[in-house]
Amino acid sequence: MRCLLPFASLAAVLACWQMLSMLAIYPPAVFPSPYSVFKALWGALQDGTLVYHTICSLSRVFSGFLLAAVVGVPLGLCLGLYRTLQIASDPLLQLLRPV
């Protein structure tokens, strides 16, 4: 019984989603039904657009991570080696930390 609980909760969410979309409070372009979402997902999988756009997004993530590592690692090494540089740049780094 316990192993069926995740499937039951998923079925309940899908049922609520379907009922809310059938009420048509919002237009289908704003709040589509689960069937139309899965139909569009299947179409994007079949024609390759989902794979293409996923690869594009992952390449952007990887290039951003690579750029951050190329800049951040040497900067971190310099800040660790030179105490004066660390003290001088600390206010700026503390200001940028929440970002």
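Definitions and limits used
Residues numbered from 1 in each chain as written. Predicted model: local features only at pLDDT ≥ 70, side-chain atom pairs only at ≥ 80, totals over all residues. Heavy atoms only, no water. Helix = DSSP H or I, 4+ residues; strand = E, 2+ residues; numbered from the N terminus. Rg over C-alpha atoms; globule rule 2.2 N^0.38 Å. Buried < 20%, exposed > 50% of the residue type's maximum accessible area, 1.4 Å probe, protein only. Axes fitted to C-alpha atoms, helices over the stretch in contact; angles between N-to-C directions. Parallel < 35°, antiparallel > 145°, perpendicular 65-115°, else oblique. Contact = heavy atoms within 4.5 Å. Patch = residues over 30% accessible without salt bridge, like charges linked within 9 Å, V, L, I, M, F, W, Y side chains within 5 Å. Areas by Shrake-Rupley, 256 points an atom, 1.4 Å probe, with all protein chains shown as cover. Salt bridge = Lys/Arg side-chain N within 4 Å of Asp/Glu carboxyl O. Expected span 1.5 Å × (residues − 1). pLDDT = per-residue confidence, 0-100. Polar contact = N/O pair within 3.5 Å; in protein donor to acceptor, adjacent residues only side chain to side chain.

A. The overall build of the chain, seen in detail. A tally of regular secondary structure across the chain gives 4 helices and 0 strands. The C-alpha atoms of the chain give 24 Å as radius of gyration, which overshoots the globular expectation for 99 residues (13 Å, by more than 25%). By the burial criterion, 6% of the 99 residues in the chain qualify as buried.

B. Just the packing of helix H1 (residues 5–23) against helix H2 (residues 34–47), in detail. Packing of H1 against H2 leaves a shortest axis separation of 8 Å and a crossing angle of 105 degrees. Regarding the angle of H1 to H2, the classification is roughly perpendicular. Of H2, the residues touching H1 (which contributes Leu14, Trp17, Gln18 and Ser21) are Pro34, Tyr35, Val37 and Phe38.

C. Broad picture of the environment of Phe31. Along the chain, Phe31 falls in the loop between H1 and H2. Residues Phe31 and Ser21 lie 10 residues apart in sequence; the distance between their C-alpha atoms is 6.3 Å. Beyond its immediate chain neighbours, meaning those up to four positions away, Phe31 contacts Trp17, Leu20, Ser21 and Tyr26.

D. Molecular detail of unusual backbone geometry. Even without a glycine there, the phi angle at Ala24 is positive, about 60 degrees. Looking at the element boundaries, Ala24 is found in the loop between H1 and H2. On the basis of relative accessible area, Ala24 is assigned to the exposed category, the value being 54%.

E. Fine view of a nonpolar patch on the surface. Among the surface-exposed residues, Phe38, Leu41, Trp42, Leu45, Leu50, Val51 and Ile55 lie close enough to one another that they form a single nonpolar patch of about 660 Å² accessible area. Those elements giving two or more residues to the nonpolar patch turn out to be H2 and helix H3 (49–81). Ranked by residues supplied to the nonpolar patch, first place goes to H2 with 4 residues. Here Ile55 is to be found in helix H3.

F. Region of interest: H2. Helix length check: H2, at 14 residues, gives a terminal C-alpha distance of 20 Å against a target of 20 Å (1.5 Å per residue), a fit within 8%. Phi turns positive, to about 90 degrees, at Gly48, one or two residues after H2.

G. Structural detail: the confidence of the model for the chain. For the chain, per-residue confidence averages 95 on the pLDDT scale, and residues scoring 70 or more make up 100% of the total. The least confident element of the chain is helix H4 (residues 83–96), whose mean pLDDT is 94; the most confident is H3, at 97.

H. Structural view of the side chain of Ser21. Within the fold, Ser21 resides in helix H1. The exposure class assigned to Ser21 is buried, which follows from its relative accessible area of 15%. A distance of 2.8 Å separates a polar atom in the side chain of Ser21 from the backbone oxygen of Gln18.

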